[in-house]
Amino acid sequence: MEINKYQKIIIPNKIKTNVWQYLNENNIGNRFEFNGNKEQQFVGLVGEIIVKRLFGLHHEFKNGFDGGFDFVYKGLKIDVKTMGRNVDVKDYFVNNFVAHQKQFDCDVYIFCSLNKKTNELTICGFLSKKKLLKLAVLYKKGDKRKRSNGTAFQIKTDSYEIQNKDLKNIAKLFYYLPKI
């Protein structure tokens, strides 16, 4: 594992409050399926806002479809994918990418994990869309998946999974354009 691969950021209370206020009045689930409940939308929106701040960008709450990406940096369309968890990130943990989103116009995916117990967002890493689709494992709706803690769940929609150990350190996005 790279030194300082995972960047942890404490989530400011103001961001959490603003996101909940927005979600109480709006539904940002605009895909045709697997839109996420309010808590999942909260997790995703917090991840997006924190990552935008890392890139020096301001977040504006907007209704409607975002086009399949959250922001543009160095000409790259970037989408932030955040999973809510109750534990710290491990290299063997996976990140999910809903399969039907591969049709969207996006160049890079940044994967994050929000630890709901410690109020920390961990930036797990990034991959280009091309590399993600090459390295990730596709699971079909209805497939059963087993977690490292012995529990299991059923896949609710076709999804790709990518392990944290396969992601690139986000710091590299600040210094050069990745090969897409």
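Bear in mind the structure is a predicted one, so any value in this text is a computation, not a measurement.

**Q** Describe the overall build of the protein, naming the residues involved and giving the relevant values.
**A** Assigned secondary structure in the protein consists of 4 helices and 10 strands. Across the protein, helices and strands are ordered from the amino to the carboxyl terminus as β-α-α-β-β-β-β-β-α-β-β-β-β-α. Excluding contacts between residues fewer than 6 apart, the proportion of contacts in the protein whose partners are at least 24 apart in sequence is 66%. Carbon and sulfur atoms form 50% of the exposed surface of the protein, whose accessible area is close to 10,000 Å².

**Q** Tell me about the environment of glycine 75, and please be specific about residues and values.
**A** If you trace the backbone, glycine 75 turns up in the loop between strand 2 (71-73) and strand 3 (76-85). Here glycine 75 falls in the exposed class, since its relative accessible area comes to 59%. On a C-alpha basis, the gap between glycine 75 and aspartate 107 in space is 9.3 Å, while along the polypeptide they are 32 residues apart.

**Q** Lay out the side chain of asparagine 115 with the relevant residues and their values.
**A** As for its position among the elements, asparagine 115 is in strand 5 (residues 108-115). On the basis of relative accessible area, asparagine 115 is assigned to the buried category, the value being 4%. From its side chain, asparagine 115 meets the backbone nitrogen of threonine 118 in a polar contact 3.2 Å long. With sequence-adjacent residues up to four places away left out, asparagine 115 is seen in contact with Arg85, Asn86, Val87, Asp88 and Glu120.

**Q** Lay out helix 1 (residues 13-25) with the relevant residues and their values.
**A** Compared with an ideal rise of 1.5 Å per residue, which puts 13 residues at 18 Å, helix 1 spans 19 Å between its outermost C-alpha atoms and is within 8% of the ideal. For helix 1, the set of buried residues is Ile15, Val19, Tyr22 and Leu23. End-on view of helix 1: buried residues confined to an arc of 95°, all on one side of the axis. Among the exposed residues of helix 1, those oriented more than 90 degrees off its buried face are Asn13, Lys14, Asn24 and Glu25. Packing partners of the buried residues in helix 1 comprise helix 2 (38-54).

The rules behind these values
- Residues numbered from 1 in each chain as written.
- Predicted model: local features only at pLDDT ≥ 70, side-chain atom pairs only at ≥ 80, totals over all residues.
- Heavy atoms only, no water.
- Helix = DSSP H or I, 4+ residues; strand = E, 2+ residues; numbered from the N terminus.
- Contact = heavy atoms within 4.5 Å.
- Areas by Shrake-Rupley, 256 points an atom, 1.4 Å probe, with all protein chains shown as cover.
- Buried < 20%, exposed > 50% of the residue type's maximum accessible area, 1.4 Å probe, protein only.
- Polar contact = N/O pair within 3.5 Å; in protein donor to acceptor, adjacent residues only side chain to side chain.
- Expected span 1.5 Å × (residues − 1).
- Arc of directions from axis to C-beta.

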